[in-house]
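# Coordinates in review
What follows is the residue order along each chain.
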Amino acid sequence: MVSQDLSAPAHVAVSEPPPRIPAKPPPARRDPYFDNAKYLTIVLVCCGHAWEPLTHSGRFATAAYLTVYAFHMPAFALISGYFSRSFDMAPGRVRRLLTGVVVPYLVFECAYTLFYRWAQDDWTYPFSLLDPWYVMWFLVALFIWRLTTPVWLALRRPVPIAIGLAVFASVSPDLGGDISIQRTLQFLPFFVLGLTLRAEHFDRLRTRQVRLMAVPVGMAACGAAYAVAPWFDARWLYHRSSVTSQGVPNWAGLVTTPALLALALVLTVCFLAWVPRRHMWFTALGAGTMYGYLLHGFIIKSSRFFDWYDYPWLHSPLGELAVTAAAVGLITFLCSRPVRAVFRFVVEPRMSWAFGEPRDTSPKATEATGATASTR
């Protein structure tokens, strides 16, 4: 005989508990290694710009300048490529590209032009969005690189193709200087290489064996830079024109460009091998490198326009150290949280008024939409 529960009528349905709303996933944790790498890279960028006037009078400063310029922008491009791997032309990512690259470029390109007009008392200096001024070339390059990311990710061998384009640019004097096309193409291989890298590749760089090997390689590079400092033209490392601007024939680019790319890659590996893996006092500053990059140009150019380097003591060893310390302090301040809070409206504007509601274009959302439509 089956017993019944007489405490509840049979016709009364037992209510089910409401469905649980899944908790919002916690935000992804930032890897301190990459924040450290971004901060140290922007420090090298600022130091390189600050050292340039010292290269006319000091061999040590020239050697340091050449060493840094041989790899600091390639490292910057490689890290940018690594963090662009997920770019797929989805509306949300296109929106971030516009607000994080295009809008800052438009604002700061105009700001730098006005700054030049005021500092040089040349109010006829033209506005030109196709001819980036000073540091602004990188934003143009980053926009083009990121916009073409789906193409590079679709190719079987993207890095050799990017190297081929870099060599083509270096041997093409008629390519022109609009939108910094020379630099965009000649630094392209490092961005594309970053797209192909995974976390495990960086783990291999951080092994004890690689770090120990990086020491003699780095020392050899510094020694070579010191040896060639009196006669080597740093413009070879800028990659902003074809090789013919250095007074050599076109075919020389077939050799020099791959050689300079290989040198930059080796030094980038040495640099990344020694980037700290744990949280440091400067780790949080890695999130503000774009602020430091865009803002430090005003100070660097002011030092040229207003003759800050005319003091002889700055060209002594003690002065060179003072300039270095000032550059590190400047870029550290510009990457700090208070500066980011002040300038966020132009470096990372929200601009929700300019965009429609984001649409979910994921496969699950598409299937759900199709299923709903089929039931109508």
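### Looking at helix 9 (residues 188–196)
Within helix 9, 8 of the 9 residues are buried, which leaves it mostly tucked inside the rest of the structure. Every buried residue belonging to helix 9 is among L188, P189, F190, F191, V192, L193, G194 and L195, and all of these are buried. For helix 9, the elements touching its buried residues are helix 3 (72–82), helix 5 (137–147), helix 6 (149–154), helix 7 (158–170), helix 8 (181–186) and helix 13 (253–273).

### Quick word on the pattern of salt bridges
With the rule as written, the count across this model stands at 7 salt bridges. Across the pair R304 and E52 runs a salt bridge whose closest N-O atoms are separated by 3.4 Å. Residue R304 is located in helix 14 (residues 289–305), and its partner E52 is located in the loop between helix 1 (32–51) and helix 2 (59–69); the two are separated by 252 residues in the primary sequence. R344 is the partner of E348 in a salt bridge, and the nearest nitrogen-oxygen pair spans 3.9 Å.

### Considering the state of the cysteines
Counted by the stated rule, this structure contains 0 disulfides. No disulfide involves C46; its sulfur sits 6.1 Å from that of C47, the nearest cysteine. With no disulfide of its own, C222 has C270 as its nearest cysteine by sulfur position, at a separation of 9.9 Å. Residue classification places C222 among the partly exposed positions, given a relative accessible area of 41%.

### Considerations on a nonpolar patch on the surface
Taken together, L114, W118, W123, F127, I299, F306 and W308 make up a surface patch of nonpolar side chains, about 750 Å² in accessible area. When you line up the elements, F306 lands in the loop between helix 14 and helix 15 (317–334).

### What to know about the nonpolar core
In terms of nonpolar packing, the biggest core is built from 97 residues, with F108, M136, F138, W145, F202, L272 and Y293 touching the most fellow members. Here this core gets 12 residues from one element, more than from any other, and that element is helix 1. Discounting chain neighbours no more than four positions away, the residues touching M136 are P104, Y105, F108, E109, Y112 and L294.

### Here we look at the environment of L237
Within the secondary structure, L237 is located in helix 12 (residues 235–238). Residues L237 and A264, 27 residues apart in the sequence, show an inter-C-alpha distance of 9.3 Å. Ignoring anything within four residues of it in the chain, the contact list for L237 reads L66, Y69, A70, F187, F232 and L260.

### Describing the packing of aromatic side chains
According to the stated counting rule, one finds 33 aromatic pairs in the structure shown. Geometrically, the ring pair formed by Y116 and W133 is edge-to-face, given 5.7 Å between the ring centres and 70° between the ring planes. Taken together, the residues span a long stretch of sequence, with Y116 in helix 4 (residues 91–120) and W133 in the loop between helix 4 and helix 5 at a distance of 17 residues. W133 carries the same exposure label as Y116, and that label is buried. A ring pair is formed by Y116 and F305, whose centres lie 5.8 Å apart and whose planes are at 75°; its orientation type is edge-to-face.

### Looking at the packing of helix 11 (residues 208–228) against helix 13
Viewed as axis vectors pointing N to C, helix 11 and helix 13 meet at an angle of 130°, and their least axial separation amounts to 9 Å. Compared by their axis directions, helix 11 and helix 13 come out oblique. Helix 13 is crossed by helix 11, and the crossing has left-handed handedness. Contacts between helix 11 and helix 13 involve V210, R211, A214, V217, G218 and A221 from the former and V266, L267, C270 and A273 from the latter. The residue inventory of the contact of helix 11 with helix 13, partitioned by class, reads 8 nonpolar, 1 polar and 1 charged.

### With respect to helix 11
An ideal rise of 1.5 Å per residue puts 30 Å on 21 residues; helix 11 measures up with 31 Å between its terminal C-alpha atoms. Along helix 11, the residues classified as buried are A214, A221 and A225. Against helix 2 and helix 13 lie the buried residues of helix 11.

### Regarding the confidence of the model for the protein chain
Low-pLDDT portions of the prediction should not be read for the details of their coordinates. Summing up the model confidence of the protein chain, the mean pLDDT is 89 and the portion of residues at 70 or higher is 87%. No element of the protein chain has a lower mean pLDDT than helix 17 (residues 363–374), which averages 40, and none a higher one than helix 9, which averages 98. Segment residues 1–14 is flagged for pLDDT under 50; beyond a separation of four residues in sequence, or across chains, it makes 0 contacts in the model. Per-residue pLDDT stays below 50 along residues 361–376; that stretch engages in 3 contacts with residues further than four places along the chain or on separate chains.

How each quantity is defined
- Residues numbered from 1 in each chain as written.
- Predicted model: local features only at pLDDT ≥ 70, side-chain atom pairs only at ≥ 80, totals over all residues.
- Heavy atoms only, no water.
- Buried < 20%, exposed > 50% of the residue type's maximum accessible area, 1.4 Å probe, protein only.
- Helix = DSSP H or I, 4+ residues; strand = E, 2+ residues; numbered from the N terminus.
- Contact = heavy atoms within 4.5 Å.
- Salt bridge = Lys/Arg side-chain N within 4 Å of Asp/Glu carboxyl O.
- Disulfide = S-S within 2.5 Å.
- Patch = residues over 30% accessible without salt bridge, like charges linked within 9 Å, V, L, I, M, F, W, Y side chains within 5 Å.
- Areas by Shrake-Rupley, 256 points an atom, 1.4 Å probe, with all protein chains shown as cover.
- Core = buried A, V, L, I, M, F, W, Y, C linked by side-chain atoms within 4.5 Å.
- Phe/Tyr/Trp six-rings, centres within 6.5 Å; stacked < 30°, edge-to-face > 60°.
- Axes fitted to C-alpha atoms, helices over the stretch in contact; angles between N-to-C directions.
- Parallel < 35°, antiparallel > 145°, perpendicular 65-115°, else oblique.
- Left-handed = near helix turned anticlockwise from the far one by under 90°.
- Nonpolar A, V, L, I, M, F, W, Y, C, P; charged D, E, K, R; others polar.
- Expected span 1.5 Å × (residues − 1).
- pLDDT = per-residue confidence, 0-100.

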